[in-house]
Amino acid sequence: MITFAQSATIPQVEGDELAQMEAIRDTLNTLVTESNVRKKKVVIAVPAALEEEVTMKSIFIPDLPIDVPKEVMKMNVRAEFEAQDFISYLDDAEIDCHVEGETTFDGNHGLDVFAVAVHRDLIERRVQLLRDCGMFPIAIDVDFLALARLVVTTTQLSDEEDIAILDIGATTTDVGFYQHGKLYPYPPILFAGMDLTSHVAQTLNVNEDEAEAYKHGKEAMVDGSPEEADVWGVLEDKLNQELCLELYGHFDAYTREFPEFKPSKVIISGGTAQLPQLDEFFTSQLAIPVDVLHYVDRIAVDANGEVAALKDNEPLFSTAVGLALKGGL
Ligand SMILES: Nc1ncnc2c1ncn2[C@@H]1O[C@H](COP(=O)(O)OP(=O)(O)OP(=O)(O)O)[C@@H](O)[C@H]1O
Ligand SMILES: [Mg+2]
């Protein structure tokens, strides 16, 4: 059950990686102290967008029975990654996998396996960060997989239906398609909310804080703010030039890979999905119905808890809630 939800923005700091880690640690410590959350077990995400340290791939493993022990399966996944020369950091990779089912490929019988590899250094950095804040991880997940888990758990989908899922965050837009119980992640797009904030700041000649507030729409507007429609005009141009072009490419690639499928809808989440009008904008640009992810009425939320932030910002919290589901929410 969700009893508390709060988000905090990590300040941008000058300096090296150490200074940035310090800022993350301070922000996390303050958040945890203010929360009164006593449990220190954490499920944490690594970003799918860190492609040099995080890899997700569906692979075919021939001649293995479906009930093979997990460790044997992982060894086979590692061998397959090696044979395909797929990961530059294989010697330093932690591997996990999930058997999707039995299948036949090129006349061979085998298993369809969804595999994830994460660089050990990245895991160690995350674990250390949590320890420094007095917490310890019980599981590590990929952010996009956490979101997909939440979408699939809380959205009614028929067996025949396939959907696209977008996680539009601060720096990255993750894209994937879900069909017949399987997730197909596509390459992340390196464009998201921070690019929009900078663009608004530059175009309207305001500072980043003001630009951030303008993005949030009507409620953040004060006397002297530009009209909401003018801010949207600025955002729309940039979305068209940057994000839409990349998205068309991904949808085309999906159609080429699966000519017999067409997503019936797109579900958008991540903080930037809270941009007023974004769903309508994408619906017209992508020519598919686009919905912002809503889930609070489908999961256990403590009515007496401090959960107002979650209820008001469902897309912003979706990765965290997907991680909580993994931890047994
Ligand atoms: N109400 C809102 N309207 C518009 N944008 C918003 C709103 N709330 C948050 N955002 C934007 O959401 C972004 C943060 O979203 P999120 O927390 O999903 O990103 P992240 O997971 O930290 O980043 P990434 O997934 O790119 O690594 C910020 O760029 C912020 O400007
Ligand atoms: Mg994110």
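The following paragraphs examine the structure supplied in this document. (Residues numbered from 1 in each chain as written. Chains lettered and ligands numbered in written order. Predicted model: local features only at pLDDT ≥ 70, side-chain atom pairs only at ≥ 80, totals over all residues.)

1. Points about helix H6 (residues 208-215)
Thinking step 1. Those residues of H6 not exposed but buried are Ala211, Tyr214 and Lys215. One side of H6 holds all its buried residues, which, seen down the axis, span an arc of 100°.
Thinking step 2. Looking at the buried positions of H6, the neighbouring elements they touch are helix H5 (193-204) and helix H7 (228-257).
Thinking step 3. With its phi angle positive at about 90°, glycine 217 sits one or two positions after the end of H6. (Buried ≥ 20, exposed ≤ 12 C-beta atoms within 10 Å, placed from the backbone. Helix = DSSP H or I, 4+ residues; strand = E, 2+ residues; numbered from the N terminus. Arc of directions from axis to C-beta. Contact = placed C-beta atoms within 7 Å.)

2. Things to note about the sheet that holds strand S3 (residues 54-62)
Thinking step 1. The strand order S3-S5-S4 describes an open sheet built from three strands, whose pairing is antiparallel. Edge positions in the sheet fall to S3 and strand S4 (93-105), since each has one partner strand and no second. Adjacent strand axes in the sheet meet at a mean angle of 20°, parallel and antiparallel pairs treated alike.
Thinking step 2. Examined bridge by bridge, S4 and strand S5 (residues 108-119) share 12 bridges and lie antiparallel to one another. Residue pairing in the sheet places glutamate 94 in a bridge with valine 118 of S5.
Thinking step 3. Against the sheet, helix H2 (residues 70-83) makes contact with S3, S4 and S5, and its axis sits at roughly 90° relative to S4, the strand it touches most.
Thinking step 4. Of the strands in this sheet, S4 and S5 are in contact with helix H3 (residues 120-132), which crosses S5 at around 50°. (Pairing = 2+ DSSP bridges. Axes fitted to C-alpha atoms, helices over the stretch in contact; angles between N-to-C directions.)

3. What about the site of ligand 1?
Thinking step 1. Taken together, 19 residues sit near ligand 1, with Gly169, Ala170, Gly193, Gly271 and Gln274 positioned nearest.
Thinking step 2. Secondary-structure elements contributing two or more residues to the shell around ligand 1 are H5 and H6.
Thinking step 3. Element by element, the count of residues in the shell around ligand 1 is highest for H5, at three residues.
Thinking step 4. Classifying every residue of the shell around ligand 1 by side-chain character gives six nonpolar, 11 polar and two charged. (Near = placed C-beta within 6 Å. Nonpolar A, V, L, I, M, F, W, Y, C, P; charged D, E, K, R; others polar.)

4. With respect to unusual backbone geometry
Most peptide bonds take the trans form, and the phi angle of most residues other than glycine is negative.
Thinking step 1. The backbone of asparagine 205 shows a phi angle near 55°, a positive value even though the residue is not glycine.
Thinking step 2. Mapping asparagine 205 onto the fold places it in the loop between H5 and H6.
Thinking step 3. Among the residues examined, asparagine 205 registers 9 C-beta atoms within 10 Å and is labelled exposed.
Thinking step 4. Phi is positive for alanine 287, which is not a glycine, with a value near 55°.
Thinking step 5. If you trace the backbone, alanine 287 turns up in the loop between helix H8 (278-286) and strand S11 (290-292).
Thinking step 6. The exposed category is assigned to alanine 287, around which 9 C-beta atoms lie within 10 Å.

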